[in-house]
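One-letter residues, chain by chain:
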Amino acid sequence: MDFVLFIIGLAAIIKGADWLTDGAASIARHFGIPTIVVGLTIVAMGSSAPELVVSVMSAIEGNVDMALGNVVGSNIFNILAIMGITAMVSPVIVDRANVLYDVPFLILSSVCLAIAAFDTFINGSNATNSISRTDGLLLLCIFSIFMSYTMAIARNNKHREPVGNANADKEVTSVGNAADSSVESNEDATMKPMKAVLLCIVGLACLIAGGDMLVDGASGIASSLGVSQSIIALTIVSSGTSAPELAASVMAARKGDTAMALGNVVGSVVFNVFFVLGCAATVCPLGIGGVSVTDIVVLLVASITLWAFCKFGNTFYTITRIEGTVMVLMAIAYYAYLILNI
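Residues numbered from 1 in each chain as written. Predicted model: local features only at pLDDT ≥ 70, side-chain atom pairs only at ≥ 80, totals over all residues. Heavy atoms only, no water.

Draft legend 1. Representation of the packing of helix H9 (residues 193–225) against helix H10 (residues 229–241) within the structure. In contact at an axis separation of 9 Å, H9 and H10 are set at 120° when each is read in the N-to-C sense. With respect to each other, H9 and H10 are oriented oblique. Pair H9 / H10 crosses with right-handed handedness. Residues Leu214, Ala218, Ser219, Ile221, Ala222 and Leu225 of H9 form the contact with H10, whose participating residues are Gln229, Ile232 and Val237. (Axes fitted to C-alpha atoms, helices over the stretch in contact; angles between N-to-C directions. Helix = DSSP H or I, 4+ residues; strand = E, 2+ residues; numbered from the N terminus. Parallel < 35°, antiparallel > 145°, perpendicular 65-115°, else oblique. Left-handed = near helix turned anticlockwise from the far one by under 90°. Contact = heavy atoms within 4.5 Å.)

Draft legend 2. Main features of the nonpolar core. Among the nonpolar cores identified, the biggest contains 64 residues, and Ile79, Leu113, Ile131 and Leu286 are the most heavily contacted of them. Those elements that provide at least two residues to this core are helix H3 (49–60), helix H4 (64–89), helix H5 (96–117), helix H7 (133–156), H10, helix H12 (258–283), helix H13 (293–312) and helix H14 (321–340). Here this core takes 14 residues from H12, the largest share from any one element. Met57, Val215, Ala218 and Ala222 belong to the second largest nonpolar core, which has 19 residues in total. (Core = buried A, V, L, I, M, F, W, Y, C linked by side-chain atoms within 4.5 Å. Buried < 20%, exposed > 50% of the residue type's maximum accessible area, 1.4 Å probe, protein only.)

Draft legend 3. Inspection of the environment of Asp2 at higher detail. Note on placement: Asp2 falls in helix H1 (residues 2–30). On the basis of relative accessibility, which here comes to 31%, the residue Asp2 falls in the partly exposed class. If we ignore the near neighbours within four places in the chain, the residues touching Asp2 are Gly217, Gly220 and Ile221.

Draft legend 4. How the structure looks around a nonpolar patch on the surface. A contiguous nonpolar surface patch, about 350 Å² in accessible area, is contributed by Phe121, Val293, Val297 and Val301. Counting residues per element, the nonpolar patch draws most heavily on H13, which supplies three residues. Note that Phe121 resides in helix H6 (residues 120–123). Look at Phe121 and you get exposed, because its relative accessible area is 62%. (Patch = residues over 30% accessible without salt bridge, like charges linked within 9 Å, V, L, I, M, F, W, Y side chains within 5 Å. Areas by Shrake-Rupley, 256 points an atom, 1.4 Å probe, with all protein chains shown as cover. Salt bridge = Lys/Arg side-chain N within 4 Å of Asp/Glu carboxyl O.)

Draft legend 5. Up close: the packing of aromatic side chains. Applying the stated rule across the entire model yields five aromatic pairs. With centroids separated by 5.0 Å and ring planes inclined at 80°, the aromatic side chains of Phe143 and Phe271 adopt a geometry described as edge-to-face. Residue Phe143 is located in helix H7, and its partner Phe271 is located in helix H12; the two are separated by 128 residues in the primary sequence. Judged by its relative accessible area of 3%, Phe271 is buried. Between Phe143 and Phe275, the aromatic rings sit 4.9 Å apart at their centres with planes inclined by 35°, giving tilted as the arrangement. Of this pair, Phe143 sits in helix H7 while Phe275 sits in helix H12; the two residues are 132 residues apart in sequence, bridging distant segments of the chain. Taken as a pair, Phe143 and Phe275 share a single burial class, namely buried. Joined through ring pairs, the aromatic side chains of Phe143, Phe271 and Phe275 make up one cluster. (Phe/Tyr/Trp six-rings, centres within 6.5 Å; stacked < 30°, edge-to-face > 60°.)

Draft legend 6. Fine view of the side chain of Ser110. Along the chain, Ser110 turns up in helix H5. Relative accessible area serves as the criterion here: at 1%, Ser110 is assigned to the buried category. Among the polar contacts made by the side chain of Ser110, one reaches the side chain of Ser303 at a distance of 2.8 Å. In this structure, Ser110 is in contact with Leu299, Leu300 and Ser303, ignoring residues within four places of it in sequence. (Polar contact = N/O pair within 3.5 Å; in protein donor to acceptor, adjacent residues only side chain to side chain.)

Draft legend 7. Representation of the packing of H1 against H9. Between H1 and H9, the shortest axis-to-axis distance is 6 Å and the interhelical angle comes to 155°. As the angle between them shows, H1 and H9 are arranged roughly antiparallel. Here H1 and H9 pass one another in a crossing that is left-handed. Residue composition of the contact of H1 with H9, grouped by class: 24 nonpolar, ten polar and three charged. (Nonpolar A, V, L, I, M, F, W, Y, C, P; charged D, E, K, R; others polar.)

By themselves these figures say nothing about function.
See below:
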């Protein structure tokens, strides 16, 4: 029964996020809000809505292990599994600006998470490892800076010339423009304002109800298997809530738009730490619990590996199929480690 509840909840939050994003984007276009703003806010937040709902609902219900484990696990899955699978489908051509500005933000998010989470490394052994409300508010402040920066870059330099692949003859976009492109591709799918409002309401209701069912189901699964909630969050929950990013990135790669795939992953990781975790910690301080130093170190290594493959890989500014395979193998090794240490 717990597994059924988990599946129904996961399906509800994924579909709810889709409906909420479509409805909100349609309303924004109806009122003449620029497409770039819609892409950087509504679409980007919509893709992270499953993680946001699960983490905040977990924090409200006191399941802090699941709230933090969901974010850490989702980011590891996004970087290693999703980016690796995407590169295996089609080599990812990386814009120079992505390497200089966007991917370093991804590394910064992992560093900020480590600093916020492990207080004993900074304040000594007498401190308690937790992400406090103050940490949460600081993460939200950094998120607002990131959003301002991304909007400014996207507005002033909407298209960038790709580097490092002689066969690449089309323009690629940054993190912000990747989200913007997804809005532009759906601009023709307009709907009446009342239908859009109704879609937003139904989507929000599905997110809330689905998040509640998923958290309850995952907690029940953890209890029945005799494992910690953090393990379930780092594996099943995180990979489930990252399903929209996986589907979007693979589809983008199949269509040759690998820049959108990279933007989707980088944007999701940054959103998860600064916005999702910031909101969850502001609602309720998060004890570290079952999320270990190893999990955070894996996230840091994954972030640095993505940047290194972008900049110093076999093909300059390209993540090749071989490098993608290496990232997938790293993900498999991490999940094997979690299973063997239950």
